[in-house]
Amino acid sequence: MTPNISNGFVEIEHTADISLKVWSTTLEDLFKLAVDGMNSIIEIKVDNNDPGMYQEFYVEDIDLESMLVSLLNEINYKIQQELKFTKIMEIIVENEKISGRFLLNKIISFRKDIKAVTYHNLKINHSHKGYSVVIVFDV
């Protein structure tokens, strides 16, 4: 984690793909910030006239890392195929399940394509300061 900032994300150098370091004091915020970071990488332009719509979501998987990859890949699908900007409004992380509510808005354009979220060296770390993870995106 970064010393004086309890929550955040930063793009870090990676040889061929794009990596994102995310840190937070809670798992819920870690997942939200991972989504915000991915959206930042993609550089999405949203239709400001679209009021948006809410959609419930539910992801179940074998561990936290798999849930994070599943969530990010689902959101990437919404961006790439449905042209919907996705922001997490509510999230609950418990055991091998996450659930909550998205706000979806129409996308006018985006600059980068993410092919997939990878498992490359993916490990959610937990310490007395909170949680951190480095996510590698295949672009």
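Coordinates for the structure precede this section.
Read on for a plain summary of the structure. All values reported here derive from a predicted model rather than from experimental measurement. (Residues numbered from 1 in each chain as written. Predicted model: local features only at pLDDT ≥ 70, side-chain atom pairs only at ≥ 80, totals over all residues. Heavy atoms only, no water.)

With that settled, consider the overall build of the protein. If you tally the helices and strands in the protein, you get two helices and nine strands. Counting helices and strands in the order they occur from the N terminus, the protein gives β-β-α-β-β-α-β-β-β-β-β. The globule rule puts the C-alpha radius of gyration for 139 residues at 14 Å, and the 14 Å found for the protein is close to it. Seen through its C-alpha atoms, the protein measures out along the principal axes to roughly 45 × 35 × 30 Å. Burial status across the protein gives 42% buried among its 139 residues. Of the accessible surface of the protein, which amounts to about 7,600 Å², a share of 47% is contributed by carbon and sulfur atoms. (Helix = DSSP H or I, 4+ residues; strand = E, 2+ residues; numbered from the N terminus. Rg over C-alpha atoms; globule rule 2.2 N^0.38 Å. Buried < 20%, exposed > 50% of the residue type's maximum accessible area, 1.4 Å probe, protein only. Areas by Shrake-Rupley, 256 points an atom, 1.4 Å probe, with all protein chains shown as cover.)

Let us now look at the packing of aromatic side chains. In this description, an aromatic ring pair is defined by two values, namely the gap between the centres and the angle between the planes. All told, the structure shown has one aromatic pair when counted by the stated rule. A centroid spacing of 4.3 Å and a plane angle of 15° characterise the contact between F57 and F102, whose relative ring orientation is stacked. Of this pair, F57 sits in strand β4 (residues 53-60) while F102 sits in strand β6 (residues 97-110), and the two are 45 residues apart along the sequence. The ring centre of Y54 lies 4.1 Å from the NZ or CZ of R101, which sits over that ring. (Phe/Tyr/Trp six-rings, centres within 6.5 Å; stacked < 30°, edge-to-face > 60°. Lys NZ or Arg CZ within 6 Å of the ring centre and 35° of its normal.)

Bringing unusual backbone geometry into the picture now. Residues other than glycine predominantly adopt negative phi, and peptide bonds predominantly adopt the trans conformation. A positive phi angle, close to 60°, is found at E43, a residue other than glycine. Looking at where E43 falls in the secondary structure, it is placed in the loop between α1 (27-42) and β3 (44-46). Of note, the phi angle at N95 is positive, near 50°, even though the residue is not glycine. Mapped onto the secondary structure, N95 falls in the loop between β5 (84-94) and β6.

No statement about biological role is implied by the geometric values presented.
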